[in-house]
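# What the coordinates show
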Amino acid sequence: MQDLVIRRPDDWHLHLRDGDMLKGVIADTSRHFARAIIMPNLVPPVVTAADAAAYRERILAALPAGDRFEPLMTLYLTEGTDPDDVEAGHKSGLVKAVKLYPAGATTNSHSGVRNIDKAMPVLERMAKIGVPLCVHGEVTTSDVDIFDREAVFIETVLDPLRKRLPELKVTMEHVTTKDGIDYIKASKANLAGSITTHHLIINRNAILVGGIKPHYYCLPVAKRENHRLALRAAAVSGDKRFFLGTDSAPHVDPLKECACGCAGIYTSINTMSCLAHVFEEEGALDKLEAFASLNGPAWYGLPVNDETITLRKQADAVTYPKKIETGAGLVTVFDPMFPLHWTVV
Ligand code: NCD
Ligand code: ZN
């Protein structure tokens, strides 16, 4: 038996959904995490500060009794987003970031941004008042191969935007490529990246070898092995610019297991077990706290959590349910394809 005590972690990119799904998944996050950046891609999306305030109340109402968990709200950037509303929402403490989804990039992103020029007034205001922009960094035009969409986004959208507005703080969310890691490492200021649990564990073979495996399909899609290795090296490096954003994204099984399955992998329930395994494999258990509990708050200008959690390595494998019943339907849990021995006690 081996124990590892770390500050209570936070999740800097999480999909909680709404209604029955929200009620069915939130305990898996609030059990281990103190806070999470909540994605706004509901239907309809969370666009205004009033939408975010109402959604926050629904999240708090869905929490299991006694759990303390702080949802950190984001707004979904549209070409019509009002800079004054963003500023007022931020000043009140409610709005922690604004999320850029290129239109059509992923689940529920049709109201996203088509022409970034139209969003410049709000981006300029955010740069001025210090509101971070969280980006889903993929281009969406049909001429760009899905495995190249992150690298092309950096070159054609992100880098020009950062040159135009160097004061804007940008979180490159769920980085999946060596290109993304290298771009963040080369930056001097105002750029950081979140990394998911599953992208540290799977490469694209998990989705495609031996039959099509919809439960390993997410966006941005997992890439080649050399990219996974670059993500691992960044995550365990202790570099303050990299932190955990699980991108845990529940979809009920019938919407994943069909001819046109949804993107999203559900990892909230076993993320800390998976991460301890990965960090131990990399000989970097001493860096897990930086990745999961320290670097994120530093980037978002928030205090680290006072409480701690204890991870324990046990001889017997820890088991998680293969699926959880959410009230909205069954959701398949991420299977790392190796036995897990670390658990949160
Ligand atoms: C997310 C979802 O289902 O909302 N899916 C995913 O594959 N990650 C959207 C997103 O973050 O891209
Ligand atoms: Zn996401």
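An account of the accompanying structure is given in this report. Note on numbering: residues in each chain are counted from 1, in written sequence order. For this description, chains carry letters from A and ligands carry numbers from 1, given in the order in which they are written. Only residues with pLDDT of at least 70 get local features here, since the model is predicted, and only at 80 or more are side-chain atom pairs given and counted; chain-wide, interface and lining totals rely on the full set of residues. The side-chain figures draw on all heavy atoms in the structure; neither hydrogens nor water molecules are used.

## What to know about the coordination of the zinc ion (ligand 2)
Around the zinc ion (ligand 2), the donor atoms from the protein are His13 (NE2), His15 (NE2) and Asp247 (OD), and they sit 2.0 Å away. The site at the zinc ion (ligand 2) holds 4 donor atoms, and with the angles between them running 92 to 139 degrees, its shape is irregular. Donor atoms (N, O, S) are those found within 2.8 Å of the metal centre, with the cutoff raised to 3.2 Å for Na, K and Ca; water is not part of the atom list, so apparent gaps in a site can occur. Each donor residue of the zinc ion (ligand 2) belongs to the same chain, and together they define the spacing H-x1-H-x231-D. Placement of His13 in strand β2 (residues 11–14) and of Asp247 in the loop between β9 (242–244) and α9 (253–256) is noted, with a sequence separation of 234 residues between them. Each member of the pair, His13 as well as Asp247, is classed as buried. Any site counts as irregular unless it has four donors with all angles between 85 and 135 degrees, making it tetrahedral, or four or six donors with opposite ones more than 155 degrees apart and the rest between 65 and 115, making it square planar or octahedral. Helix and strand assignments follow DSSP, with helices taken as H or I runs no shorter than four residues and strands as E runs no shorter than two, numbered in order from the N terminus. Three labels apply to residues, based on accessible area from a 1.4 Å probe with only protein chains included: buried if under 20% of the type maximum, exposed if over 50%, partly exposed otherwise in between.

## A few points about the packing of aromatic side chains
Pairs of aromatic rings are described using the distance from one ring centre to the other and the angle between the two planes. Here a pair means two rings of Phe, Tyr or Trp (six-membered ring of Trp) with centres within 6.5 Å. Their orientation is stacked below 30 degrees between planes, edge-to-face above 60, and tilted elsewhere. If you walk through the whole model with that rule in mind, you get 6 aromatic pairs. Taken together, the ring pairs in this structure connect Trp12, Phe243 and Tyr300 into an aromatic cluster. As a reminder, the over-ring test applies to NZ of lysine and CZ of arginine, requiring each to be within 6 Å of the ring centre and within 35 degrees of the ring normal. Directly above the ring of Phe147 sits Arg204, whose terminal nitrogen or CZ lies 4.5 Å from the centroid.

## Points about helix α3 (residues 83–91)
For α3, every residue scored as buried is listed here: Pro83, Val86, Glu87 and Gly89. The arc that holds every buried residue of α3, seen down its axis, measures 165 degrees, which confines them to one face. The contact rule is simple, with two residues in contact once any of their heavy atoms fall within 4.5 Å. Of the surrounding secondary structure, the elements contacted by the buried residues of α3 are α2 (49–62), β4 (70–76), β5 (95–100) and α4 (120–129). Distance and chemistry together define a polar contact, namely a pair of N or O atoms within 3.5 Å, with one atom able to donate a hydrogen and the other to accept it when in protein, and with adjacent residues in sequence counting only for side-chain atoms on both sides. For α3, the N-terminal cap is Asp82; the gap from its side-chain oxygen to the backbone nitrogen of Asp84 is 2.9 Å. Note that the arc is defined by the directions from the helix axis to the C-beta atoms.

## Overview of the sheet that holds β4
Picture the strands of a sheet paired through backbone hydrogen bonds; they go either parallel or antiparallel. By definition, two strands form a pair when at least two bridges between them are found by DSSP. The strand order β2-β3-β4-β5-β6-β7-β8-β9 describes an open sheet built from 8 strands, whose pairing is parallel. Looking at strand neighbours, the two that pair on one side only are β2 and β9, the edges of this open sheet. Averaged over all adjacent pairs, the angle separating strand axes in this sheet is 30 degrees, with direction ignored. Bridge count for β4 against β5 is 4 bridges, and the pairing is parallel. Across the sheet, residue Leu75 finds its bridge partner in β5, namely Val98. Between N-to-C directions, angles span 0 to 180 degrees; the directions come from axes that are lines fitted to C-alpha atoms, helices contributing only their stretch in contact.

## Here's the deal with the site of ligand 1
For ligand 1, the set of nearby residues contains 15 residues, the closest of which are Asn41, Thr106, Leu219, Asp247 and His251. Separating an oxygen atom of ligand 1 from a side-chain N or O atom of His136 is a distance of 3.4 Å. Leu219 is positioned with one of its backbone polar atoms (N or O) 2.8 Å from an oxygen atom of ligand 1. In these tables, accessible area is a Shrake-Rupley quantity obtained with a 1.4 Å probe, and a residue counts as shielded only by the protein chains included in the view. Protein coverage of the free-state accessible area of ligand 1, which is 310 Å², stands at 100%. Gly is put with the polar residues, along with every residue not named as nonpolar or charged; the nonpolar set is Ala, Val, Leu, Ile, Met, Phe, Trp, Tyr, Cys and Pro, and the charged set is Asp, Glu, Lys and Arg. In the shell around ligand 1, the residues fall into 4 nonpolar, 9 polar and 2 charged. When we say a residue is near a molecule or strand, we mean one of its heavy atoms is within 4 Å of it.

## A few points about the side chain of Asn41
Relative to the helices and strands, Asn41 is located in the loop between β3 (35–38) and α2. Of the residues examined, Asn41 reaches a relative accessible area of 4% and is grouped as buried. Looking at Asn41, its side chain comes within polar contact range of the side chain of His15, at 3.0 Å. Every residue in contact with Asn41, bar those within four places of it in the chain, is listed here: His15, Arg17, Tyr76, Tyr101, Thr107 and Asn108.

## Details of the pairing of strand β8 (residues 191–195)
Every regular strand shows the same layout, with side chains that alternate between the two sheet faces. Burial within β8 is extensive, with 5 of its 5 residues counted as buried. Burial along β8 is two-sided: Leu191, Gly193 and Ile195 facing one way and Ala192 and Ser194 facing the other are all buried. Sheet topology places strand β7 (residues 170–172) next to β8; 3 bridges connect them, and they run parallel. Note on β8: the bridge partner recorded for Val170 is Leu191. The β-α-β motif built from β7, the intervening helix α6 (residues 178–186) and the parallel element β8 has right-handed crossover chirality. Alignment of β8 against β9, held across 3 bridges, turns out to be parallel. What sits directly across from Ser194, in β9, is Phe243. Crossovers are marked right-handed if the path from the first strand over the helix to the second runs clockwise, as seen with the strands pointing away from the viewer.

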